[in-house]
Amino acid sequence: MRQFFDTRRRPWLVWVGFALVGLSLALLPFALAQVGTTWVRIANYAILYVLLALGLNIVVGFAGLLDLGYIAFYAVGAYTYALLASPQFNLHLPFWVILPIGAAVAAFFGVALGAPTLKLRGDYLAIVTLGFGEIVRIFLNNLSRPVNITNGPQGITGIDPFKLDGFSFGSYQSFLGLELSGPIKYYYLLLAVALGIIVVNLRLQNSRVGRAWEAIREDEVAARAMGIDTRNLKLLAFAMGASFGGVAGGMFSAIQGFISPESFVLVESIMVVSMVVLGGMGNIWGVILGALLLSFVPEILRWTVEPLQQALFGRMLVEPEVIRMLLFGLALVLVMLFRPAGLLPSAVRKRELEEHVA
Amino acid sequence: MDTFLQQVVNGLTAGSVYAVVALGYTMVYGIIQLINFAHGEVVMIGAMVAFTVINLLAPTGLPPLAVVLIGAGCAVPICMLVGYSMERLAYRPLRHAPRLAPLITAIGVSIILQHIALMIWSRNIMAFPQIIPSRVYFIGGAAITTVQIAILAICLTLMASLAILVYRTPLGTAMRATAQNPHVAGLMGIDINRVIAVTFIIGAGLGAVAGVLFGTYYGIAQYTMGSVLGLKAFSAAVLGGIGNIPGAMLGGVLLGLVEALGAGYIGDLTDLCQWGVPLQACEGGGTFILFGSNYQDVFAFVVLILVLVIRPQGLLGERVGERA
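Quick notes on the rules
- Residues numbered from 1 in each chain as written.
- Chains lettered and ligands numbered in written order.
- Predicted model: local features only at pLDDT ≥ 70, side-chain atom pairs only at ≥ 80, totals over all residues.
- Heavy atoms only, no water.
- Contact = heavy atoms within 4.5 Å.
- Buried area = accessible area lost by both parts, 1.4 Å probe.
- Salt bridge = Lys/Arg side-chain N within 4 Å of Asp/Glu carboxyl O.
- Polar contact = N/O pair within 3.5 Å; in protein donor to acceptor, adjacent residues only side chain to side chain.
- Helix = DSSP H or I, 4+ residues; strand = E, 2+ residues; numbered from the N terminus.
- Patch = residues over 30% accessible without salt bridge, like charges linked within 9 Å, V, L, I, M, F, W, Y side chains within 5 Å.
- Areas by Shrake-Rupley, 256 points an atom, 1.4 Å probe, with all protein chains shown as cover.
- Buried < 20%, exposed > 50% of the residue type's maximum accessible area, 1.4 Å probe, protein only.
- Axes fitted to C-alpha atoms, helices over the stretch in contact; angles between N-to-C directions.
- Parallel < 35°, antiparallel > 145°, perpendicular 65-115°, else oblique.
- Left-handed = near helix turned anticlockwise from the far one by under 90°.
- Expected span 1.5 Å × (residues − 1).

S.K.: Got a minute to help me understand the interface of chain A and chain B in this structure?
M.R.: For interface size, the figure often reported is the accessible area lost on association. The interface is formed by 44 residues belonging to chain A together with 50 residues belonging to chain B. Here chain A meets chain B over a buried area of about 4300 Å², counting both sides, of which 77% is carbon and sulfur. Three residues stand out in chain A for area buried against chain B, namely Arg121(A), Tyr124(A) and Ile127(A), and they jointly supply 15% of the buried area on that side. Counting across the chain A and chain B interface gives 0 salt bridges. One can count 0 residue pairs in polar contact (both at pLDDT 80 or more) joining chain A with chain B. When residues of the side of chain A that touches chain B are assigned to their parent elements, the largest contribution, 14 residues, is made by helix α5 (residues 122-142) of chain A.

S.K.: What is the right way to read a nonpolar patch on the surface from this model?
M.R.: Residue and element names in this part refer to chain A. A grouping of Leu202, Trp285, Leu289, Leu293, Val297, Leu343 and Leu344 is seen on the molecular surface, where their side chains present a nonpolar patch of about 520 Å² in accessible area. Element by element, the count of residues in the nonpolar patch is highest for helix α11 (residues 284-313), at 4 residues. One can find Leu202 in helix α6 (residues 182-205). For Leu202, a relative accessible area of 34% puts it in the partly exposed group.

S.K.: Teacher, can you tell me more about the packing of helix α5 (residues 146-168) of chain B against helix α10 (residues 245-269) of chain B here?
M.R.: To characterise two packed helices, one gives the angle between the axes of the helices and the distance between these axes. All names here are of chain B. Their axes nearest at 10 Å, the elements α5 and α10 cross at an angle of 165°. Considering their axes alone, α5 and α10 lie roughly antiparallel with respect to each other. When the axes of α5 and α10 are compared, the crossing they make is left-handed. Of the residues in α10, those in contact with Met159, Leu162, Val166 and Tyr167 of α5 are Ile245, Pro246 and Met249.

S.K.: I tried to follow unusual backbone geometry on my own but got confused; where do I start?
M.R.: The phi torsion at Asn90(A) lies on the positive side, around 55°, for a residue other than glycine. Note on placement: Asn90(A) falls in the loop between β1 (85-86) and β2 (91-92). At Ser122(B), a residue that is not glycine, the phi angle is positive and equals roughly 60°. Position of Ser122(B) relative to the elements: it lies in the loop between α4 (100-121) and β1 (126-127). Relative accessible area serves as the criterion here: at 28%, Ser122(B) is assigned to the partly exposed category.

S.K.: Help me understand helix α8 (residues 192-218) of chain B, please; the structure alone is not making it clear to me.
M.R.: In an α-helix there are 3.6 residues to a turn, and that puts residues three or four apart on one side. Residue and element names in this part refer to chain B. Helix length check: α8, at 27 residues, gives a terminal C-alpha distance of 39 Å against a target of 39 Å (1.5 Å per residue), a fit within 8%. Most of α8 is tucked away, with 22 of its 27 residues classed as buried. Looking at the residues trailing α8, positive phi occurs at Gly219, about 80°.

S.K.: Help me understand the environment of Leu156(B) in this model?
M.R.: Residue and element names in this part refer to chain B. One can find Leu156 in helix α5. For Leu156, a relative accessible area of 55% gives the class exposed. Separated by 25 residues in sequence, Leu156 and Asn181 place their C-alpha atoms 30 Å apart.

Below you can see the structure in the form of structure tokens.
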């Protein structure tokens with residue numbers, strides 16, 4: 001059996017595998033829509049988290065800089081989109097103009113955070129990034145006076161969906177006999193973006209830049225001695241990670257149609273970190289797995305725990321939201337204790353973490 | 001002048017509480033170089049336990065001081081237990097792991113504690129019952145309440161006793177030895193595990209008292225109060241030089257002052273009308289305030305970032321090598 005699946009002997013098996021995965025990904029939203037449109041939405045959010053986790057993986061996994069304020073870049077992207085495509089300033093630019101702007105603004109913020117913190121050691125950097133994330137949120141919360149920019153805690157409503165020549169991603173449509181609801185269309189768009197970002201990540205990992213990041217992560221002093229421009233490469237990691245976050249934020253804005261500072265709290269940053277850590281820092285497939293697990297499992301729990309408690313005790317004892325968060329906390333602690341390199345460890349990470357533990 | 005003095009009084013009160021919380025961070029960091037993220041949650045649990053007990057006892061007609069003391073008396077051992085168990089279960093197995101591993105664990109512990117608290121006490125804000133008759137004294141135009149005086153006195157006592165413990169007792173010597181070099185301290189016959197556990201327990205006990213004081217000062221307690229308070233206290237510890245006990249005390253008080261004075265003056269300082277910018281809003285004595293006191297929470301983070309960028313070893317800290 002194992003011999004049959006040896007891809008070195010049967011290279012075409014890889015393509016069969018790709019085709020199967022592709023087909024199931026393409027059919028997934030219709031299957032989910034059978035259960036309920038909510039599940040398509042959940043899948044969409046899961047993909048958004050995959051995007052975020054992949055972005056953070058560049059900073060944490062590749063370059064080894066623990067960023068606890070990552071959600072700030074998501075917020076920057078989301079607010080950039082919201083301000084340029086909503087009644088707030090009565091601007092309605094098309095999405096393909098705004099998304100690059102959002103990515104650029106987020107990248108700028110990434111460099112702004114990275115530049116002063118270049119010299120900091122891992123744990124200090126974590127706290128500073130955390131503080132940065134909180135500062136961004138406090139500003140979003142308060143920039144409604146004296147000039148109303150972000151509309152404060154009420155947030156921005158009526159954000160435009162993605163539109164392309166009358167084809168709106170937000171509305172229901174029937175196409176070649178297929179029932180295409182808004183979330184299903186967004187699903188394909190998100191999937192396409194996710195695939196693009198996965199390809200970029202895969203190419204990055206083994207590129208000159210990716211190897212330089214790895215060297216910095218392993219030993220910064222040695223990397224500098226080998227002629228690696230550690231300053232610029234660390235800034236590049238921050239900027240790239242941030243720009244992915246910015247793109248994800250813009251899409252989040254459009255899909256939700258409404259954003260407020262509530263969506264960008266510290267806990268969200270920690271959730272993304274949990275995904276990266278659980279899956280395996282530095283391993284793209286691991287990170288994707290982590291993001292999917294931590295997006296879907298809590299939702300499945302939400303739909304099972306509630307009826308179960310109703311049936312057993314006749315009332316709700318523990319809110320699903322609490323269980324969800326406990327799950328994130330436990331994931332972090334248990335992974336670090338028992339499988340420090342994550343569920344799907346990257347080869348290098350595994351070596352280095354296990355060396356230290358032993 | 002009145003505002004200034006008043007903000008100094010408020011800043012000193014809040015700052016002394018920050019200092020006591022910061023001690024918990026700095027002691028643990030000094031000894032095992034771990035940012036114990038969950039310390040803020042220990043403080044929160046202290047406040048919640050004490051508030052529960054105080055609310056239960058308030059209608060019994062016991063003297064208010066006794067009620068508060070019993071409340072704190074319940075909170076301290078519970079927090080010590082929490083502190084000990086997290087060291088034992090979550091941090092000790094990772095003592096020789098790479099630096100980021102225990103930090104990530106600490107974040108996980110913090111989420112878990114916060115949501116256990118949410119399960120026990122729900123989302124509701126707990127109020128402190130009005131049992132302490134608050135009297136107000138005036139010093140040179142600034143009002144100071146009995147509660148503020150009590151907080152200052154308790155915090156000073158705690159800090160003084162901790163200083164005596166660390167610098168004048170055999171246990172303190174063992175702690176300092178472990179902080180300097182755990183391996184050699186072990187060779188000298190010090191039980192490292194015990195010392196580290198005791199450090200966590202003392203830090204948690206201080207945190208519990210700080211939680212009670214903080215809750216009493218602001219009159220409310222909620223399951224989320226730990227994270228922001230913890231971050232501010234951590235900033236205070238970094239400001240003073242993390243790992244340095246007098247530094248944490250100094251940093252806490254300074255941060256309290258910066259926050260209070262900043263919140264008191266930032267509105268006036270960023271009022272564009274004051275600076276003579278010709279704006280419509282300014283006509284007829286209007287104001288155009290860029291940043292009001294609602295930015296109060298930003299100060300701690302700005303201080304933190306500035307310290308780390310300009311003087312990472314903090315005010316009283318010694319320079320440490322890049323790789324520890």
